[in-house]
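Next come the chains, spelled out residue by residue.
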Amino acid sequence: MSTIDFKPGLIQGGRAPGYETYKHASHFRTKDEEFDACKTGMWLFLATEVLLFAGIFVWYSIYRMMYPDAFRNGSSYLDWRWGGLNTVVLLISSYTMAMSINHFQHNRQKEARRNLVITLVCGALFVAIKLLMEYIPKMTGWHFDPTMSHAGGEALTKFGGLFYFEQGYGGKLPGILFSYPFATDPHENMWWSLYYTGTGLHAAHVLIGMALIARVWWFSRPGVENYGPKHYTGVEMAGLYWHIVDLIWIFLFPLLYLIH
Amino acid sequence: MSTLHPTSGSIPGHADDHHDHHDHHGPYYQSKGSFWTNVWDWCTTVDHKKIGVMYLIAVLIFFFIGGVLALAVRTELLEPVRTVAGQVTGQFFKSDEGIGKGNEIYNRLFTLHGAVMVFMVIIPSVPAALGNFLLPLMLGAKDVAFPRLNLLSWYIYFFGSMFAGLSIYFGGVDTGWTFYTPYSTTTDPDQSRVILMVLGAFIMGFSSILTGLNFIVTVHKLRAPGMGWFDMPLFIWAIYATSIIQVLATPVIGITLLLLILERVFHIGIFDPGLGGDPVLFQHFFWFYSHPVVYVMILPGMGIISEIIPVHAHKKIFGYRAIAFASLGITAVSFLVWGHHMFSSSTELAATIFSALTFLVAIPTAVKVFNWILTLYKGSIAMNTPMLYALIFLFLFSIGGLTGLPLGALSTDLHLTDSYFVVAHFHYVMMGGTIIAFVGGLHHWWPKMTGRMYNEFWGMTGAILVFIGFNVTFFTQFIMGVQGMPRRYATYVDTFQIWHVVSTIGSYILLVGFLVHLFNFIASLRGRVAPANPWGALSLEWYAASPPIEHNFEHEPIVKHGPYDYGEVVPFHCSEEDYPLADKPAGASAHTVH
Ligand code: HEM
Ligand SMILES: [Cu+2]
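Computed from a predicted structure; not experimentally measured. (Residues numbered from 1 in each chain as written. Chains lettered and ligands numbered in written order. Predicted model: local features only at pLDDT ≥ 70, side-chain atom pairs only at ≥ 80, totals over all residues. Heavy atoms only, no water.)

K.L.:
Can you help me understand the site of ligand 1 in this one?
P.N.:
All names here are of chain B. Near ligand 1 lie 20 residues; those nearest to it are W177, D413, T417, H425 and R487. Here an oxygen atom of ligand 1 and a side-chain polar atom of W177 are 3.1 Å apart. H425 is positioned with one of its side-chain polar atoms (N or O) 2.9 Å from a nitrogen atom of ligand 1. Going through the elements one at a time, α8 (279–313), α11 (385–408) and α13 (420–450) are the ones with two or more residues in the shell around ligand 1. (Near = heavy atom within 4 Å. Polar contact = N/O pair within 3.5 Å; in protein donor to acceptor, adjacent residues only side chain to side chain. Helix = DSSP H or I, 4+ residues; strand = E, 2+ residues; numbered from the N terminus.)

Structure below.
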């Protein structure tokens, strides 16, 4: 733990902030011991996450060898720019998450919370891009178009042109649901199964990570201020989790979007 | 050095401990008020001892269910099924729909037997039940590192087993406990029971992961002051090694089962060849988890034996470090040998490599066995139920391990694979090893857990019955297996009948043996009150009261001697008259326990 010199202040009502009054669980000898234990536990948990995704990566490598054409063809439907944008979004969020921890350690509560919010917004942006620009068009053929340039045109539209329909684009679904009419390889549905399983499992992790961060944000609100120089276990753990989610994407992105 | 001092209350975090109002000094299970107050207290407890007891009760119930299924399987096998003049004879699971239906019922029963015994009994038996109770006590800690996570693990286990129970309620599965594809992707396509069973195993996996994680951190962070790594009891080493496997192997089965569920729901081709998938990939994934997991099953059992033998032989364990490192060695090698379950479905080169690696496992295993035997040599052996079980373990586990060798050798395995020889092999290791050690450990720590002594005569009687019943049941299966009796069939040719009959009789003897234990345990709850250290043992759990108080120890212990320094120090709560010190003049080193 860092040993930064710090003068405790009082928050509204003369109550000491949560990180000042925090008492570690009684079966630990010291607060540091508790922190170390949590950290060890979290690292072990991250190892299990990596192993979980290892199954997806093995699946990927074997089926890429077994059905090279289906995979080459399938991956050519993915637009690396959306994947790339999402990569950037996640990298920024990892940075703000790390900054948030740093701010808490130095008791800059406002900055810390601001960084948490940016992290959350990035997480939401990631999921939104995934859904609107990738999952929904590929599955249904409905494209998202914030410029509404198709309104009044020939294409079918919804929500005043916010979505427009492209014939013969959708149906890229996993397994038995696959109905894309222009598939050139009989095993193309396997590529989509892998794509949705891998990215879907990852997206679920993004959502869990966001929930953890939101929890930290809630307990750091003025009047509670649970995290500060002397106690920031919760933030640190949420941060570690968030970084592994980022890291897994860093591997998924090139495998799915860049290798053709 | 032979003293054990309580701390003077100056340990940080100790002083502010006495804030709530109930009595901290009674037994951990003492009543907290009305019946429902107590129910609520147990359901929400974060006390590792209560959680351990809850696991124990669940495991024993599932052991009973799994046992009934096994007896049903054995009863079907009393007679080969024949069709004589259009009449089916010898089928226990009769059905109007003919032999096929009876066979299907049989398939479901042995599948459920295997799945219940593996996922719901053996895996949680020693680590989750005894481990939870003992690990913090043996380390001199107040609890595991994450008590609430511990309770969560218990609930995950509970809900996972509910899913499995639902699956059984809807008719159960017939895929074999290994869920091999394409059985598991194609049978009962219109039913949810395969999914429910797989989901149950998937959920229980998380319980296993979180328990393992919790234990690893506990061992790292919560050892009592003065307890270095090599001052830990060997049971802790075993649990530690087990936990590593649980944490590193279980996620792989997690993703495998998840993919299996997706494959069934969306018909995505991963493991099912009919959909373009690869069934051998499933086998690789499955055994990458399940071979290491056979060591999740046996390592804790070995840990129990490493405690029972020195305590009841009252002798320092021979080769402490060798046994500790053997646990870690087994852990490491266990991740490299999964292919030996797939000799008949892999390439020659792969099979040869896996075969060679498999023999490596035998080395650390044998190191342990020899060390236990050398510990017994010239010990002052107290022949009681735990010791008897330790000896039974040595005998049965040696047979189980040695018969692993012909299975690990390619040429012999091709003859023996999928035969009763394999069935006998893994029962000798899993039941003759783990379950035997578990029951022995239950007797050994029963006084600590309940505060009562069991009856020694009936304990020994039960042990002898179990020993006889076990060998009658399973040794016959080696013979049948070598002669070619395949596993997983309800029907067989008449020549095998004699062996099947003997084996079935053995299984009934086993039942009687376990019932004797059950009644003995129940009776003991009204029996003699146990002293704090009935066996004169040196590890820290015996320093606590029997049963321990809620926070385990009145004062945090500081460790000043090893857990096996027999003859060098007088055990806690004991007098030197009963436990004379070997190489020192009497009275030279009597120690005080406060
Ligand atoms: C010296 C140590 C061991 C060796 C060399 C060994 C070797 C083997 C081999 C080669 C097989 C595959 C046989 C076949 O299917 O053809 C096998 C099966 C099995 N072994 Fe072991 N084994 C050892 C110890 C253990 C232990 C300690 C356990 C469990 C506590 C265990 C549990 C099993 C189980 C459950 C199976 C059968 C799985 C199935 O197909 O359903 N083994 N063993
Ligand atoms: Cu194996």
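K.L.:
Is there a simple way to think about the coordination of the copper ion (ligand 2) in this case?
P.N.:
Octahedral metals with six donors have ideal donor angles of 90 or 180 degrees. Tetrahedral metals with four donors have an ideal donor angle of 109.5 degrees. All names here are of chain B. Distances from the copper ion (ligand 2) to its protein donors, H291 (ND1), H340 (NE2) and H341 (NE2), fall within 1.8 to 2.0 Å. Read N to C, the donor residues that coordinate the copper ion (ligand 2) are spaced as H-x48-H-H. A gap of 4.5 Å separates the copper ion (ligand 2) and the iron atom of ligand 1. Taken together, the residues span a long stretch of sequence, with H291 in helix α8 and H341 in the loop between α9 (320–334) and α10 (348–376) at a distance of 50 residues. According to the relative accessible area criterion, H341 is partly exposed, its value standing at 30%. (Donors = N, O, S within 2.8 Å, 3.2 Å for Na, K, Ca; no water. Buried < 20%, exposed > 50% of the residue type's maximum accessible area, 1.4 Å probe, protein only.)

K.L.:
Is there a simple way to think about the interface of chain B and chain A in this case?
P.N.:
Note: interface size is frequently given as the accessible area lost on complex formation between the parts. Contacts between the two partners involve 41 residues from chain B, matched on the other side by 35 residues from chain A. Summing the contributions of chain B and of chain A, the shared interface buries around 3,000 Å²; its carbon and sulfur component is 74%. A per-residue breakdown of the area chain B buries against chain A is headed by B:K221, B:I255 and B:F266, which together make up 16% of the total. For the salt bridge of B:E556 with A:R29, the shortest nitrogen-to-oxygen distance reads 2.7 Å. Applying the counting rule to chain B against chain A returns ten residue pairs in polar contact (both at pLDDT 80 or more). (Contact = heavy atoms within 4.5 Å. Buried area = accessible area lost by both parts, 1.4 Å probe. Salt bridge = Lys/Arg side-chain N within 4 Å of Asp/Glu carboxyl O.)

K.L.:
Is there a simple way to think about the side chain of B:S546 in this case?
P.N.:
All names here are of chain B. Checked against the element boundaries, S546 lands in the segment after α15 (497–524). You can call S546 buried: its relative accessible area is 14%. Engagement of the side chain of S546 in a polar contact is seen with the side chain of K448, the distance being 2.9 Å. From its side chain, S546 meets the backbone oxygen of A532 in a polar contact 3.2 Å long.

K.L.:
For this particular structure, what's the right way to read the coordination of the iron atom of ligand 1?
P.N.:
Here the protein supplies the iron atom of ligand 1 with just one donor, B:H425 (NE2), and that contact is 2.2 Å long. Structurally, B:H425 can be placed in helix α13.

K.L.:
Please explain the environment of B:V367 as it appears in this structure.
P.N.:
Residues and elements named next belong to chain B. Mapped onto the elements, V367 comes out in helix α10. The class of V367 is partly exposed, set by a relative accessible area of 30%. Along the primary structure V367 and I323 are separated by 44 residues, whereas in three dimensions their C-alpha atoms are 7.1 Å apart.

K.L.:
In this structure, what is going on with empty space enclosed by the protein? I would like to understand it.
P.N.:
Over the atoms, a rolled probe matching the size of one water molecule traces out where space is still vacant. Residues and elements named next belong to chain B. Inspection of the entire model under this criterion finds five cavities of 30 Å³ or more. In this structure, the largest cavity occupies an estimated 170 Å³ of space. In this structure, the largest cavity is lined by 16 residues; those nearest its centre are F119, I123, M204, G205 and S208. Take the lining of the largest cavity: its biggest share by element is six residues, from helix α6 (residues 193–221). Of the residues in the lining of the largest cavity, the class split is eleven nonpolar, five polar and no charged. (1 Å grid on protein atoms, 1.4 Å probe; cavity = no way out; pocket = protein on both sides within 12 Å on 5 of 7 lines; lining within 4 Å. Points joined across faces, edges and corners; volume = space filled by probe spheres on them. Nonpolar A, V, L, I, M, F, W, Y, C, P; charged D, E, K, R; others polar.)

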